[in-house]
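The residues making up each chain are set out below.
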Amino acid sequence: MLDYLVQAGEIEKPDGLLAKWFHRANSKEEMNKALESDAMILEADVTLEGYGTPNEKPVPIMAHPPDIYSNNTLDEWLDAVLSSKKGVKLDFKALKSVGLSLDLLSQKNQSRGINRPVWLNADILVGPNVPSYMPTVNGTRFLQLIQEKFPDVTLSTGWMVGYAPPHFTNTYSRAMVEDMYSMVKDLPQMVTFPVHALLVRKGWQHISWLLSQSSRFSLTLWQGSTHPNVSDLLFIRDNSHPARVYYDIYEPTLSEFKQAARQMGRVRSFYPGGDLMDFLERRNKLSTNVRWPVVTGRDTLSAALSVQDVLQLLQHTADVSWGLYLRVPSMLLLEASLAELQSAYSRDELHRPVWISLEGSHDFPQEFLSAVERTFPYVTLVLEQRSWPPVIPAAMTGLSQRVALHLRSGGLPKWALHSLVKMMDSYDVLVEEGTGSRDTTVADLKELVIKDGARRRLYLECQGS
């Protein structure tokens, strides 16, 4: 869509924040109003005339439930919109209208050509705060019809979502995004996932995982009657590529968000569980150049308080590119440290990458993971390994969070270096090397990573640095 808008002269660069939407352009009056506006993408709803009644006819019309009659058919709507430069998004609430609409799109493409992106939207899965028995559009059949009848589209596949604070505010789960991924991963089309703007930040570890699975994927943020916070929108923008997120947000929030996003010198709202090198990219082009100074306090319960002290220090040095790696010796201190992190994050005071490890976590990985998930899941999980090969507990695989391996150079044989580089496809790697050692293992590993040229994350911690 963005490439089309750039080519059409509507926007200067491919940035989803620049796209302008018009909602429910269904009736002829609303459609004409949309066509005369500066909106770039028209969103409209398709159903069948008299849907669900004895008077139902196989004629796609433009109406949003509960309306089942309209003064505008899809045929007429397409003729009008295709005579403009506007982009097209059609929203389907029931499967019965999909096949007939796709036939009509195919006919229009053959007779006059559809020279613009067409998005086809449907809620195909049950999402947050919705009972499992709620009917969605049959996703398998929806996607199958598109492949058979009119595949030259962008898929907009979403979840049926509820939002009713203060009780119904759950976010997207790992299972929800995995189910969506399994449905679209093998399809050839571009896919945008419509996500509720008020739930995205809370579930960013899962949503960002889904977004990272393919360059074909994007997000479209939408809202209901409750406006999202500008700070949440800035968080999403600061942790994604501008061309991969669309903002279908209402005024005045949209204008406030745009103004805040353009503000020079503002502190980036970095996701604590994000890529460390993404955070440091302006200062370090190579991960192996990152310095890892060590601050200790492991022998007393004041270690939990020291987390608070460090967070306060970081809060007062916002212009310094420091991340935080907490190596926690006990479950008690882990719970306390996570609580401090969550407190700072809830106050919007934590905008740095956070790594966290628990001593002996390889013996009880589920307890480690459960504590993180329960209290503060927005981190990179670190597994400390004393020997080769590293043992990855089953509980620590298939996570939405980033996972790093912390290795000692003394336990790393040279014959294993190529295998370790391959493991960097899935894990960040921190190698702790001793001072004064004549062992060239770390130097050889660094050379392999640089020669490989791929986007791998090898960090080196020199003891005493």
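Quick note: structure is the one above.
Residues numbered from 1 in each chain as written. Predicted model: local features only at pLDDT ≥ 70, side-chain atom pairs only at ≥ 80, totals over all residues. Heavy atoms only, no water.

Trainee: Just to check I follow, could you spell out the overall build of the protein chain for this structure?
Mentor: Within the protein chain one finds 15 helices and 15 strands. Among the 465 residues that make up the protein chain, the fraction classed as buried is 51%. The contacts of the protein chain with a sequence gap of at least 6 include a subset with a gap of at least 24, amounting to 71%. With the model as given, the accessible surface of the protein chain reaches about 21800 Å², and the carbon-plus-sulfur share is 51%. Between the averaged position of the 47 positive side-chain charges in the protein chain and that of its 53 negative side-chain charges there is a distance of 4 Å. (Helix = DSSP H or I, 4+ residues; strand = E, 2+ residues; numbered from the N terminus. Buried < 20%, exposed > 50% of the residue type's maximum accessible area, 1.4 Å probe, protein only. Contact = heavy atoms within 4.5 Å. Areas by Shrake-Rupley, 256 points an atom, 1.4 Å probe, with all protein chains shown as cover. Lys, Arg positive; Asp, Glu negative; His and termini not counted. Charge placed at Lys NZ, Arg CZ, Asp CG, Glu CD.)

Trainee: Mind showing me how you'd approach empty space enclosed by the protein here?
Mentor: In this approach a probe as big as a water molecule rolls over the atoms, and the regions it shows empty are the leftover space. Following the criterion strictly, the structure yields one cavity of 30 Å³ or more and no others. Volume-wise, the largest cavity comes out at about 30 Å³. Together, Gln385, Arg386, Ser387, Trp388, Leu407, Arg408, Gly411 and Leu412 line the largest cavity. A per-class count over the lining of the largest cavity returns three nonpolar, three polar and two charged. (1 Å grid on protein atoms, 1.4 Å probe; cavity = no way out; pocket = protein on both sides within 12 Å on 5 of 7 lines; lining within 4 Å. Points joined across faces, edges and corners; volume = space filled by probe spheres on them. Nonpolar A, V, L, I, M, F, W, Y, C, P; charged D, E, K, R; others polar.)

Trainee: Got a minute to help me understand the packing of helix H8 (residues 230–238) against helix H9 (residues 253–261) in this structure?
Mentor: Interhelical geometry of H8 versus H9 gives an angle of 50° and a closest axis separation of 10 Å. Between H8 and H9, the interaxial angle falls into the category oblique. Relative to H9, the crossing made by H8 is right-handed. For the pair H8 and H9, the contacting residues are Val230, Leu233, Leu234 and Arg237 in the first and Thr253, Glu256, Phe257, Ala260 and Ala261 in the second. A class-by-class count of the residues in the contact of H8 with H9 yields six nonpolar, one polar and two charged. (Axes fitted to C-alpha atoms, helices over the stretch in contact; angles between N-to-C directions. Parallel < 35°, antiparallel > 145°, perpendicular 65-115°, else oblique. Left-handed = near helix turned anticlockwise from the far one by under 90°.)

Trainee: Which parts of the structure should I look at to understand the pairing of strand S8 (residues 217–222)?
Mentor: One face of the sheet, then the other: side chains in a regular strand alternate in exactly this way. Of all the six residues making up S8, five are buried; the element is thus mostly covered by neighbouring parts of the structure. Pairing analysis gives six bridges linking strand S7 (residues 191–196) to S8, with the strands arranged parallel. Each bridged residue has a counterpart across the sheet, and for Pro194 the counterpart in S8 is Thr220. The handedness of the S7 to S8 crossover, carried by helix H7 (residues 204–212), is right-handed. As judged from the four bridges shared by S8 and strand S9 (residues 245–248), these two strands associate in the parallel manner. Paired with Thr220 across the strands is Tyr246, a residue of S9. What joins S8 to S9 is H8, and the crossover it makes is right-handed. (Pairing = 2+ DSSP bridges. Right-handed = clockwise from strand over helix to strand, strands pointing away.)

Trainee: Hey, could you run me through the side chain of Arg116 in this one?
Mentor: Looking at where Arg116 falls in the secondary structure, it is placed in the loop between helix H4 (98–111) and strand S5 (118–126). In this structure Arg116 is buried but unpaired, with Glu10 as the nearest side chain of opposite charge at 9.3 Å. Looking at Arg116, its side chain comes within polar contact range of the main-chain oxygen of Leu82, at 3.1 Å. With residues near it in sequence (within four places) discarded, Arg116 still touches Tyr4, Val81, Leu82, Ser84, Lys85, Lys86 and Val88. (Salt bridge = Lys/Arg side-chain N within 4 Å of Asp/Glu carboxyl O. Polar contact = N/O pair within 3.5 Å; in protein donor to acceptor, adjacent residues only side chain to side chain.)

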